[in-house]
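# Structural description and commentary
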Number of protein chains: 2
Amino acid sequence: MKVLVTGGGGFIGAALMRLLHAHGAIGGRAIDTLVALDRRFPPEVSGIPGIATIEGDLGDADVQRAIAQLKPDVCFHLAAVPGGAAEADPALSRRVNLDATLDLFDTLAGAGVARGAQPPVVVYASTIAVYGSPLPDPVTPSTPTRPPMVYGAHKLACEILLADFTRRGLLDGRSLRLPGIVARPRAPSGLVSAFMSEALHALSAGEPFESPVGPMATAWWMSARRCAQNLLHGAAMDPGGDTQRAWPVPVLRLSMTELVRTLSHVFGVDGERLVRYAPQPAVEAIFGRYPVLDDRASRALGLRDDGTPEALVRRALDDAFQGPDAAAGWG
Amino acid sequence: MKVLVTGGGGFIGAALMRLLHAHGAIGGRAIDTLVALDRRFPPEVSGIPGIATIEGDLGDADVQRAIAQLKPDVCFHLAAVPGGAAEADPALSRRVNLDATLDLFDTLAGAGVARGAQPPVVVYASTIAVYGSPLPDPVTPSTPTRPPMVYGAHKLACEILLADFTRRGLLDGRSLRLPGIVARPRAPSGLVSAFMSEALHALSAGEPFESPVGPMATAWWMSARRCAQNLLHGAAMDPGGDTQRAWPVPVLRLSMTELVRTLSHVFGVDGERLVRYAPQPAVEAIFGRYPVLDDRASRALGLRDDGTPEALVRRALDDAFQGPDAAAGWG
């Protein structure tokens, strides 16, 4: 089967490319063509043996033509202008996160119809930013969506439109609402949630960390590797009968205090001494009050969180770490 | 103030143009410029004294430029490819119901910023087709949306994006989810719900009517004039604090039997003899099982249904009918 990963050069995309290459199959069907699309690629992706890359912007007609020729069986759509950058430039967000995404859906649908096979599977990286701020407690499948940023609004619109392509039998869409993923590289990312990764990098290295949220602030946590595993599972799973086709991934809900305690324990540092709390109300309002998530529907589909706080921080910071569930393909 | 009505040549648009011209003000502020935009206009609209018209397609750059120059204080956005036509041509629906609508929001927002005044008020004609089929009973503000047609999917996406423009302070959006509106002229409209208007026309004229839904089928009903009154109120009302900015209009929920009985009484016909029930499962599934609508939030904002079944059918069929609440501007 042919597999396309848009945003394959990005943080989550790179983790997914490595996983797809290592796993070599989706739902028991072997991957014979694996293609990453992005504006540029880090060596860790371009160096993966046997993969192909398309360099360019998703909005370019040439790129859409290349996708039409590829005719992917499965597309993981991760390419996006992230939250903070989208809020700073809503027109850019419309171009990439909305217009080019819909062009991609149209292109994949047209290519699928031309092949006459099963409709292409599209695993869409959506976001918990669709829910709103502050979040109601708990978040359930019937929680009304009130995106607090343009990023979440565009993602939510695309979820709805992907569900409509699915209803029409043109695509087989599965939107996964992702939380902040750790640990991103220590570089400007355009993401307001960047402090979550910085906490892991700094404290695990024994460096001081200034937290923009207080010690009791709770957030939803997931490692990049577990995120990639959920995306892969999202393509293979039987999505059942819910026509909305959008699910939050299960998450670990941890306070900063719990996170600091886990990092202290795992990395042998004095986290309590290294962290200084300087809560910023605007950051705390969005990233510091995550409620209980009713993720039973997601778990029933086989989606998984990182298991334990220890496994989360190890998996996030150590590529070689094998979790206790590695034998089941969720290492 | 300057007021623009897109789709001002259509069925609801014409009713709104007549009402705006007759009323002459929105929320106590006089209308000094009233402009209708559409691809063509019936004489009942083009003949309204003192109005201006823009003839063209909402997606045309020239039309968007004309809107930018007009800099409306209030825009009623009604122009759309209707349900059946959108389902037959999803690409056309994307162009008009999604892309051109977002272009309009961008244009209005840009014109508003250029003026430096209050953000333009946008009353958006959304649809109960956002909810799904079959509808849960009752429909409440927390009912998850699962649009069963491309029309509803595009409308829901635009609701979300209008709420985001509102959050950013660029527009003051108010989406009203409209039910099937009666009585449309007896001509092909592209609307699956056309039978609802046909029932009123045929039975009030003493003609036979074949119903595609059974006698106990319940639907939500509203006259075009009451719909126009709700749109006008939508521009004038204080929308309160709900950031979703989308509300169903209150409706009369009537079974076909109740409707036939009302028409028989008001028009002195033998409706029970004239109607033949030939339920079509596909039509009944979407238009025959409308549940109770929890419209308390909408009523609290001052939105209103037609009052009684008698007032509904009279108002729908007789332009001269004055309802019991005419003195309050809701004739």
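An account of the accompanying structure is given in this report. (Residues numbered from 1 in each chain as written. Chains lettered and ligands numbered in written order. Predicted model: local features only at pLDDT ≥ 70, side-chain atom pairs only at ≥ 80, totals over all residues. Heavy atoms only, no water.)

## As for the overall build of chain A
Quick reminder of the rule: For helices the rule is a DSSP run of H or I covering at least 4 residues; for strands it is a run of E covering at least 2, with both sets numbered from the N terminus onward. Relative accessibility under 20% of the residue-type maximum defines a buried residue, over 50% an exposed one, and the middle range a partly exposed one, all with a 1.4 Å probe and only protein chains included. By definition in these notes, contact holds between two residues if any of their heavy atoms fall within 4.5 Å. Note on areas: Shrake-Rupley, 1.4 Å probe, and residue coverage restricted to the protein chains presented here.
Helix and strand content of chain A: 13 helices and 14 strands. For chain A, the spread of C-alpha atoms along the three principal axes comes to 60 × 40 × 35 Å. When each of the 331 residues of chain A is scored for burial, the buried share is 58%. Within chain A, contacts between residues at least 6 apart in sequence are counted, and of these 77% link residues at least 24 apart. With the model as given, the accessible surface of chain A reaches about 12800 Å², and the carbon-plus-sulfur share is 53%.

## Re the interface of chain B and chain A
Basically, it comes down to this: As used here, buried area is the combined drop in accessible area, with a 1.4 Å probe, of two parts when they are placed together. Here a polar contact is taken to be a pair of N or O atoms separated by no more than 3.5 Å, where protein atoms must pair a possible hydrogen donor with a possible acceptor and residues adjacent in sequence count only if both atoms sit in side chains.
Between chain B and chain A, the contact holds 29 residues from the first and 29 residues from the second. Of the roughly 2200 Å² buried where chain B meets chain A, counting both sides, 52% is carbon and sulfur surface. Contact with chain A buries surface across chain B, with Arg94, Arg146 and Ile160 of chain B losing the most and accounting together for 24% of the total. The tally of links from chain B across to chain A stands at 16 residue pairs in polar contact (both at pLDDT 80 or more).

## Examining the relation of the copies chain B and chain A
Threshold: Superposition of the copies was done by least squares, using only C-alpha atoms of residues whose pLDDT is at least 70 in both.
Superposing chain B onto chain A requires a rotation of 180 degrees together with a translation of 0.0 Å along the rotation axis, leaving an RMSD of 0.0 Å. With respect to symmetry, the two chain copies, as superposed, fit the operation of a two-fold axis. When each C-alpha of chain B is compared by its distance to the rotation axis, alanine 157 of chain B comes out closest, at 2.3 Å. A share of 100% of the interface residues of chain B reappears at the interface of chain A, consistent with the copies meeting face to face through the same patch.

## Describing the packing of helix H9 (residues 256–267) of chain B against helix H13 (residues 309–317) of chain B
All names here are of chain B. Operational definition: Angles here are taken between N-to-C directions and fall from 0 to 180 degrees, while the axes themselves are lines fitted to C-alpha atoms, restricted in helices to the stretch in contact. Here the word oblique covers every angle except those under 35 degrees (roughly parallel), over 145 (roughly antiparallel) and from 65 to 115 (roughly perpendicular). By convention the crossing between two helices is left-handed if the near helix lies anticlockwise of the far one by an angle smaller than a right angle, and right-handed if it lies clockwise.
With their axes 9 Å apart at the nearest point, H9 and H13 run at an angle of 65 degrees to one another. For the element pair H9 / H13, the angle class is roughly perpendicular. As for the relative orientation of H9 and H13, their crossing is right-handed in sense. Of H13, the residues touching H9 (which contributes Leu259, Thr262, Leu263, His265, Val266 and Phe267) are Pro309, Glu310, Val313, Arg314 and Leu317.

## Observations regarding the environment of leucine 301 of chain B
Residue and element names in this part refer to chain B. Summarising the element assignment, leucine 301 is placed in the loop between helix H12 (296–300) and H13. Sequence separation of leucine 301 and glycine 234 is 67 residues, and the distance between their C-alpha atoms is 8.6 Å. Sequence-distant contacts of leucine 301, defined by excluding residues within four places in its chain, comprise His233, Met237, Asp238, Pro239 and Trp247.

## A closer look at empty space enclosed by the protein
Residue and element names in this part refer to chain B. We count it as follows: Residues are called lining when one of their atoms sits within 4 Å of a cavity or pocket point, these points coming from a 1 Å grid over the protein atoms alone, where a cavity is a set in which a 1.4 Å probe fits but cannot get out and a pocket is an open set with protein on both sides within 12 Å along at least five of seven lines. Grid points are joined across faces, edges and corners, and a volume is the space filled by probe spheres set on the points.
In the structure shown here, the tally under the stated rule is 4 cavities of 30 Å³ or more. Of the voids in this model, the largest cavity is the one considered here, and its volume is about 50 Å³. Taken together, Phe195, Met196, Val213, Ala217, Thr218, Ala219, Trp221, Leu254, Ser255, Met256, Phe287 and Gly288 make up the lining of the largest cavity. Mapped onto the lining of the largest cavity, the elements with two or more residues apiece are helix H7 (194–204), strand S11 (218–223) and strand S13 (252–255). The biggest single contributor to the lining of the largest cavity is S11, with 3 residues.

## Considerations on the sheet that holds strand S13 (residues 252–255) of chain A
Residue and element names in this part refer to chain A. The following threshold applies: Two strands pair under a simple rule: DSSP has to find at least two bridges between them.
Strand order in the open sheet formed by 3 strands is S9-S11-S13, with mixed pairing between adjacent strands. The sheet is open, and its two borders are formed by strand S9 (181–182) and S13, each paired with just one other strand. Note: S9 against strand S11 (residues 218–223), 2 bridges, orientation parallel. What sits directly across from isoleucine 181, in S11, is methionine 222. Packing against the sheet, helix H9 (residues 256–267) makes contact with S11 and S13, and its axis sits at approximately 90 degrees to S13.

## Observations regarding the sheet that holds S13 of chain B
Whenever strands of a sheet pair, they do so through backbone hydrogen bonds, lying parallel or antiparallel. Residue and element names in this part refer to chain B. Taken together, the 3 strands give an open sheet; going across it, the order is S9-S11-S13, and neighbouring strands pair in mixed fashion. With partners counted over all chains shown, the strands left at the sheet margins are strand S9 (181–182) and S13, one partner each. Where S11 meets S13, 4 bridges bridge the pair, whose relative direction is antiparallel. Following the sheet pairing, threonine 218 is matched in S13 by serine 255. Sitting on the sheet, helix H8 (residues 224–236) is in contact with S9 and S11, with an inclination near 70 degrees to S11. Where H9 meets the sheet, its contacts fall on S11 and S13, and the angle it forms with S13 comes to roughly 90 degrees.

## A word on unusual backbone geometry
Backbone torsion omega between valine 182 of chain A and alanine 183 of chain A reads 0 degrees, so that peptide bond is classified as cis. Mapped onto the secondary structure, alanine 183 of chain A falls in the loop between S9 and helix H7 (194–204). Even without glycine at this site, lysine 71 of chain B takes up a positive phi of about 50 degrees. Of note in the backbone geometry, arginine 245 of chain B takes a positive phi value of approximately 55 degrees without being a glycine. Here arginine 245 of chain B shows up in the loop between H8 and strand S12 (246–248).

So, to be careful, I would describe these as geometric facts and stop short of saying anything about function.
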